[in-house]
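Chains, contacts and geometry: an overview
One-letter residues, chain by chain:
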Amino acid sequence: MRAFDYHQAVGSEQAIERAMRREQARYLGGGTNLVDLMRETIEGPAMLIDVSNLARDIEESESGGLFIGAGVTNAELAADPRVRRQYPGLSRAILCGASAQIRNRATVAGNLLQRTRCAYFYDIGAHCNKREPGNGCDAQEGFHRYHAILGTSSSCLATHPSDMAVAMVALEARVHLRGRDGERVIALTELYREPGERPDLETVLTAEELIVAVELPPLPMAASSEYRKVRDRASYAFALLSVASMLELDGATIKQVRLALGGVGTRPWRAWKAEAALRGRPANAATFEAAIDAELAAARPQSDNAFKVQLARRVVISELNQRLAQARQGGEAS
Ligand code: SF4
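Below or above, wherever it landed, is the structure these notes cover. The model shown is predicted, which means the values in this text are computed figures rather than measured ones.

Rules used throughout
- Residues numbered from 1 in each chain as written.
- Predicted model: local features only at pLDDT ≥ 70, side-chain atom pairs only at ≥ 80, totals over all residues.
- Heavy atoms only, no water.
- Near = heavy atom within 4 Å.
- Nonpolar A, V, L, I, M, F, W, Y, C, P; charged D, E, K, R; others polar.
- Phe/Tyr/Trp six-rings, centres within 6.5 Å; stacked < 30°, edge-to-face > 60°.
- Buried < 20%, exposed > 50% of the residue type's maximum accessible area, 1.4 Å probe, protein only.
- Lys NZ or Arg CZ within 6 Å of the ring centre and 35° of its normal.
- Salt bridge = Lys/Arg side-chain N within 4 Å of Asp/Glu carboxyl O.
- Helix = DSSP H or I, 4+ residues; strand = E, 2+ residues; numbered from the N terminus.
- Pairing = 2+ DSSP bridges.
- Axes fitted to C-alpha atoms, helices over the stretch in contact; angles between N-to-C directions.
- Contact = heavy atoms within 4.5 Å.
- Core = buried A, V, L, I, M, F, W, Y, C linked by side-chain atoms within 4.5 Å.

1. Observations regarding the site of the ligand
Not every one of the 14 residues close to the ligand is listed here, only the nearest: Cys118, Cys128, Cys137, Ser155 and Cys156. The residue inventory of the shell around the ligand, partitioned by class, reads 9 nonpolar, 4 polar and 1 charged.

Structure (structure tokens):
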């Protein structure tokens, strides 16, 4: 590990001011990914600005949603009664990720900004455009069972590893950012870049910009949101595929739907095309099949991960059928 300076920030303004003054400074949340990357010499910041004690609250917003401080731990967020009641799919997504020890330490902002687990990215002897732009990508001709089929480029096909982020993009989360020019708010879907020719540029954050909070808007149908994760073993594994979903009916027609996928995209993948093909259509098998086919039309599978196309198709259809059954039950009960 390379030597670095450490600073414990007492407020976000001070943290940002420090980051502006020092080149190659990085914010430190729980450190559950960044410290690993530093140990492997994949990242070598000159200074760590510890923001893990800042923004530790979850508050109800005026609109009836939730305002989640960036420093809230994954465990705190998953256990919060308001999250479990209003956004149960988010709670389940978080509990599907990592171990209890890591969830106790990892923060909301750190989870969103964690880096891919592509094995070649972590192997400093391998070629990797994300680690070193222009260096090549050993995953293209290598082992790519865990890699993406959506949003890939000839430079990179690494997946984004977060479960929490997949649930949050389905919930239309907004990210509050603070930097040298003040505060701005963007949709979480806009935070991430697709790799293109610069897979090392993963987000739209400027060098000193700090995530201070994530806002979840009120969304009544999110009370029956779900998260399903398919992986090679029952725990401590990243997704081969995951699905965040929720559905609202108007009689036999789909009124509203939110769908996001993990394990198949280079970023947490909001299934916009599938949603458009579902909204206002009859809630039946033919509609579900057409919707996921519309989303997967752009898939670019490799030899080891071609199975993800069928896997995504089957699991999404299965999840939509379950949301449909739940919505019908809810309609009968009311
Ligand atoms: Fe690096 Fe991306 Fe290729 Fe993995 S897929 S080796 S992260 S460039």
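Having seen it, we continue.
2. A short note on the packing of aromatic side chains
One pass over the structure, following the stated rule, counts 2 aromatic pairs. Both rings, one in Phe143 and one in Tyr146, keep their centres 6.1 Å apart while their planes meet at 70 degrees; by these two values the pair is edge-to-face. Look at Phe143 and you get partly exposed, because its relative accessible area is 46%. Overall, the relative accessible area of 37% leaves Tyr146 in the partly exposed class. Sitting over the face of the ring of Tyr146, Arg145 holds its NZ or CZ atom 5.8 Å from the ring centroid. Directly above the aromatic system of Trp272 lies the positively charged group of Arg270, at a separation of 4.1 Å from the ring centroid.

3. Considering the pattern of salt bridges
Enumeration according to the criterion identifies 27 salt bridges in this entry. The partner of Asp163 in a salt bridge is Lys229, and the shortest N-O contact between them spans 2.8 Å. You can see Asp163 sitting in the loop between helix 8 (119–122) and helix 9 (164–170) and its partner Lys229 sitting in strand 9 (residues 226–230), a full 66 residues away along the chain. Taking the relative accessible area as the measure of exposure, Lys229 reaches 13% and is therefore buried.

4. Description of the sheet that holds strand 4 (residues 58–60)
Pairing is antiparallel across the open sheet formed by 5 strands, whose spatial order is 4-5-8-6-7. Every interior strand has two partners, whereas the edge strands, strand 4 and strand 7 (182–187), have only one. For this sheet the average axis-to-axis angle between neighbouring strands, irrespective of direction, equals 25 degrees. Pairing of strand 5 (residues 66–69) with strand 8 (residues 210–216) involves 4 bridges; the strand directions are antiparallel. Looking across to strand 8, one finds that Ile68 is bridged to Val214.

5. Considerations on the side chain of Arg323
Take Arg323: it is sitting in helix 13 (residues 307–333). Not counting residues within four places of it along the chain, the set of residues in contact with Arg323 comprises Ser224, Glu226, Ser245, Met246 and Leu247.

6. Things to note about the sheet that holds strand 11 (residues 253–262)
Within a sheet, each strand pairs with its neighbour through backbone hydrogen bonds, oriented either parallel or antiparallel. Strands sit in the order 9-10-11-12 across an open sheet of 4 strands; the sheet is antiparallel. Lying at the two open borders of the sheet, with one neighbouring strand each, are strand 9 and strand 12 (269–270). Alignment of strand 9 against strand 10 (residues 241–250), held across 5 bridges, turns out to be antiparallel. Looking across to strand 10, one finds that Glu226 is bridged to Ser245.

7. So, the nonpolar core
One finds Ile68, Leu77, Leu90, Leu112, Met168 and Leu188 to be the most contacted residues of the largest nonpolar core, which totals 41 residues. Residue contributions to this core peak at 7 residues, all from helix 9. Residues within four places of Leu188 in sequence aside, it is in contact with Leu112, Ala165, Met168, Val169, Ala173, Arg174 and Val175.

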